[in-house]
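Descriptive structure summary
Single-letter residue listing:
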Amino acid sequence: MKTELEKMRSEELYSFADAEVTASIVRAQKLCARLRMMSIHDEDYRKLIQELIPGIPDNSTICPPFHCDHGHGILLGENVFINYNATMLDSAYIRIGKNTKIGPNCQFYSVNHPLDYMERRKPQEMGYPITIGEDCWIAGGVIICPGVTIGHRCVIAAGSVVTKDIPDDSLAAGCPAVVKRRL
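Since the structure is predicted, the reported quantities are computational estimates derived from the model, not experimental observations. (Residues numbered from 1 in each chain as written. Predicted model: local features only at pLDDT ≥ 70, side-chain atom pairs only at ≥ 80, totals over all residues. Heavy atoms only, no water.)

1. Looking at the sheet that holds strand 15 (residues 149-150)
Stated formally: Note on pairing: DSSP must find at least two bridges between two strands before they are called paired. Only DSSP runs of H or I with at least four residues qualify as helices, and only runs of E with at least two residues qualify as strands; both kinds are numbered from the N terminus onward.
With parallel pairing, the four strands of this open sheet are ordered in space as 4-7-12-15. Each of the sheet's edge strands pairs with one partner strand only, and the pair in question is strand 4 (74-76) and strand 15. Bridge analysis of strand 7 (residues 94-96) against strand 12 (residues 130-132) gives three bridges, and the strand direction is parallel. What sits directly across from Arg95, in strand 12, is Thr131.

Following this line, the structure appears as structure tokens:
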């Protein structure tokens, strides 16, 4: 039988009230709180960000403040830059390809809740992975919804809300974001 954490990573309904899931969230909240007191130039920054996001490449940077649910659900490629005040709800994996730039105040929501209001009353949710390709630019204030894949070499205009997949080499904008032209 799967643990609730395993269900969380498998796009299944899981209990966020489960002790193991709660411990993971508390751990990330404490690390994010410590990170908020730092800049990327502080001596302990790299050690702390590696504790929060295991496997983060040495040449990838996340500017505090930064918010996430778990940290271990965030997978970054080489040379990724994430500007101030990003929020990553990583109940499902959030993958960001190499050489991608993320503007300030971007939000990545892999978590989703049941549509039925009686089911929503229970401490349960499900997550759907978010994937961002290589060499993308996600401009400031973009919101990326659960289950979205953005292809390689894409630009997502500031303030866009991405609810559907975006193909490679596209400029997308709007709420909801639509492809405006090929790059």
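From this point, things continue past the structure.
2. Overview of helix 2 (residues 19-35)
Here is the rule: Any helix carries an expected span of 1.5 Å times its number of residues minus one. For the exposure calls, accessible area comes from a 1.4 Å probe over protein chains only, and a residue counts as buried if that area is under 20% of its type's maximum, exposed if over 50%, partly exposed in between. This arc corresponds to the set of directions leading from the helix axis out to the C-beta atoms. Pairs of residues are marked as contacts when any of their non-hydrogen atoms sit within 4.5 Å.
When the terminal C-alpha atoms of helix 2 are compared, their 24 Å separation across 17 residues agrees well with the 24 Å that a helix rising 1.5 Å per residue should span. Looking only at helix 2, the buried set comprises Val21, Ser24, Ala28, Leu31, Cys32 and Leu35. Summarising the axial view, the buried residues of helix 2 lie within an arc of 100 degrees, below the 170-degree limit, and thus occupy one face. Along helix 2, exposed side chains directed more than 90 degrees from the buried face belong to Ala19 and Lys30. Of the surrounding secondary structure, the elements contacted by the buried residues of helix 2 are helix 1 (4-9), strand 1 (14-15), helix 3 (45-52) and strand 3 (66-68).

3. Some words on the pattern of salt bridges
Selection rule: Counted as salt bridges are all cases of a side-chain nitrogen of Lys or Arg within 4 Å of a carboxyl oxygen of Asp or Glu.
Enumeration over the complete set of coordinates arrives at four salt bridges. Note that Glu119 is salt-bridged to Lys122, the shortest N-O span being 3.0 Å. Residue class for Glu119 comes out partly exposed when judged on its relative accessible area of 26%. Given the relative accessible area of 40%, Lys122 is considered partly exposed. Asp169 is the partner of Arg153 in a salt bridge, and the nearest nitrogen-oxygen pair spans 2.6 Å. Note that Arg153 is positioned in the loop between strand 15 and strand 16 (155-156) and Asp169 in the loop between strand 17 (161-162) and strand 18 (170-174), a separation of 16 residues in sequence. Since its relative accessible area comes to 39%, Arg153 is described here as partly exposed. The class for Asp169 is buried, based on a relative accessible area of 19%.

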